[in-house]
Amino acid sequence: MGKGLTDLQPQQGFAAQTSAATVILASSHLGFSLSTTHSVSGSVMGAGLGRKGGVVRWSTATRMFVAWGLTLPAAALVGALAESVCDLGDWGTAVVAVFLIASSAAIWKISRREVVDASNVNDTDEPAGVVTTAIAAVTPPPAGTVVDDLTATIPAPAAATAEPAAPPAAAV
């Protein structure tokens, strides 16, 4: 997470894990169900954006969001199909079991074609997105300096130029 979505420093990792734990514990206390993966992913993205100059790899985040959106309906469809086949009797249950074992073995075999390690994850840096570029471009003035030549690009409304009303006199 701290390498694929954004580059985290140790203090950001602490902040991300603490915020994810807080969300998970609060949700559990209130009786809500949630995905711990979604909570951790969101906290990692937030910690990445919280640091000045922090960059979130939005293409990776977008792929995650799409996968999350597809996972729920796909799991529901597979569950419904498996239930309908299991309702056909003992042989239906056996067919579902064999299918699940065979598909798990095929997925495992396909996933072993190229070992994923630190040398082949995120080979190229993703360019900064519009939001992170804009955030990085904004730098506050040094402390204690007064800027006299500020000009507005949008004219102030006419009502804002009138003198403010005097406060009412206090009753004695």
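Residues numbered from 1 in each chain as written. Predicted model: local features only at pLDDT ≥ 70, side-chain atom pairs only at ≥ 80, totals over all residues. Heavy atoms only, no water.

**Examining the overall build of the protein chain**
Put simply, the test is: The helix and strand labels rest on DSSP assignments: H or I over at least four residues marks a helix, E over at least two residues marks a strand, and numbering proceeds from the N terminus. To sort residues, take the accessible area from a 1.4 Å probe on protein chains only and compare it with the maximum for the residue type: under 20% means buried, over 50% means exposed, and anything in between is partly exposed. By definition in these notes, contact holds between two residues if any of their heavy atoms fall within 4.5 Å. Method for areas: the Shrake-Rupley scheme with a 1.4 Å probe, in which residue coverage is limited to the protein chains shown.
Helices and strands together make up the secondary structure of the protein chain, namely five helices and zero strands. Mapped from its N terminus to its C terminus, the protein chain presents α and β elements in the order α-α-α-α-α. Here the protein chain holds 172 residues, and 14% of them are scored as buried. Long-range contacts, defined as pairs at least 24 residues apart, comprise 64% of the intrachain contacts of the protein chain with a sequence gap of at least 6. When the accessible area of the protein chain is evaluated, it comes to approximately 13,200 Å², of which 69% is carbon and sulfur surface.

**A look at the packing of aromatic side chains**
What counts here: Here the aromatic set is Phe, Tyr and Trp, taking the six-membered ring for Trp, and pairing holds for ring centres within 6.5 Å; pairs whose planes are under 30 degrees apart are stacked, those over 60 apart are edge-to-face, and all others are tilted.
Under the defined criterion, the tally for this structure stands at one aromatic pair. Look at Phe65 and Trp68: their rings are 5.4 Å apart centre to centre, the planes differ by 65°, and that puts the pair in the edge-to-face class. In this pair, Phe65 and Trp68 are both assigned in helix α3 (residues 58–86), three residues apart and thus about one turn of the helix distant. Owing to a relative accessible area of 42%, Phe65 belongs among the partly exposed residues under this scheme.

**Looking at a nonpolar patch on the surface**
Worth spelling out the cut-off: Patches were defined on residues exceeding 30% relative accessible area and lacking a salt bridge, with like-charge contacts within 9 Å and nonpolar side-chain contacts (Val, Leu, Ile, Met, Phe, Trp, Tyr) within 5 Å. For this analysis, a salt bridge means a side-chain nitrogen from Lys or Arg found within 4 Å of a carboxyl oxygen belonging to Asp or Glu.
Taken together, the side chains of Leu88, Trp91 and Val95 define a hydrophobic patch exposed on the protein surface, amounting to about 330 Å² of accessible area. Its location among the elements puts Val95 in helix α4 (residues 90–111).

**Some remarks on the packing of helix α2 (residues 36–50) against α3**
Note the following rule: All axes here are fitted lines through C-alpha atoms, helices being fitted over the stretch that makes contact, and every angle between N-to-C directions spans 0 to 180 degrees. Any angle that is under 35 degrees is reported as roughly parallel, and any over 145 degrees as roughly antiparallel; angles of 65 to 115 degrees are reported as roughly perpendicular and all others as oblique. By the definition used in this description, the sense in which the near helix is turned from the far one sets the handedness, with an anticlockwise turn below a right angle giving left-handed and a clockwise turn giving right-handed. Polar here means any residue outside two lists: the nonpolar Ala, Val, Leu, Ile, Met, Phe, Trp, Tyr, Cys and Pro, and the charged Asp, Glu, Lys and Arg; Gly therefore counts as polar.
Where α2 contacts α3, the axes come no closer than 12 Å and their chain directions differ by 160°. The orientation of α2 with respect to α3, classified from their angle, is roughly antiparallel. You can see that α2 and α3 cross each other, and the crossing is left-handed. Between α2, through His38, Ser41, Met45 and Leu49, and α3, the contact on the second element is made entirely by Trp58, Ala61, Met64, Phe65 and Trp68. In the contact of α2 with α3, the residues fall into seven nonpolar, two polar and no charged.

**Let's talk about the nonpolar core**
Heads up, the rule is: The criterion is simple. A nonpolar core is a set of buried Ala, Val, Leu, Ile, Met, Phe, Trp, Tyr and Cys residues joined through side-chain atoms within 4.5 Å.
Ranked by size, the top nonpolar core spans 10 residues in total: Leu5, Ala16, Ala20, Val40, Val44, Met45, Ala47, Val56, Ala61 and Met64. Broken down by secondary-structure element, the contributors of at least two residues to this core are α1 (10–30), α2 and α3. Take this core: its biggest share by element is four residues, from α2. Dropping the residues within four chain positions of it, Ala47 is found in contact with Leu8, Gln12 and Ala16.

**Observations regarding α2**
How we decide: Expected helix span is taken as 1.5 Å per residue step, with the number of steps being one fewer than the number of residues.
With 15 residues, α2 ought to run about 21 Å at 1.5 Å a step, and its terminal C-alpha atoms sit 21 Å apart, in line with that. Residues of α2 that are buried: Ser39, Val40, Ser41, Ser43, Val44, Met45, Ala47 and Gly48. Of the surrounding secondary structure, the elements contacted by the buried residues of α2 are α1 and α3.

**Re the confidence of the model for the protein chain**
How we decide: Within a predicted model, pLDDT stands for the predictor's per-residue confidence, ranging from 0 to 100.
Across the protein chain, the average pLDDT comes to 78, with 69% of residues at or above 70. Looking across the protein chain, the model is least confident in helix α5 (residues 130–137), with a mean pLDDT of 68, and most confident in α1, with 90.

**Observations concerning α3**
Applicable threshold: Bend angle per residue: angle between axes fitted to the 7 residues ending at that residue and the 7 residues starting there.
Relative to the 42 Å expected for 29 residues at 1.5 Å per residue, α3 spans 41 Å between its end C-alpha atoms, a close match to the ideal helical length. Of all the bends in α3, the greatest reaches close to 25° and is centred on Thr71; the proline Pro73 follows between one and four positions later. Those residues of α3 that fall on the buried side of the exposure criterion are Thr60, Ala61 and Met64. The secondary structure elements touched by the buried residues of α3 are α2.

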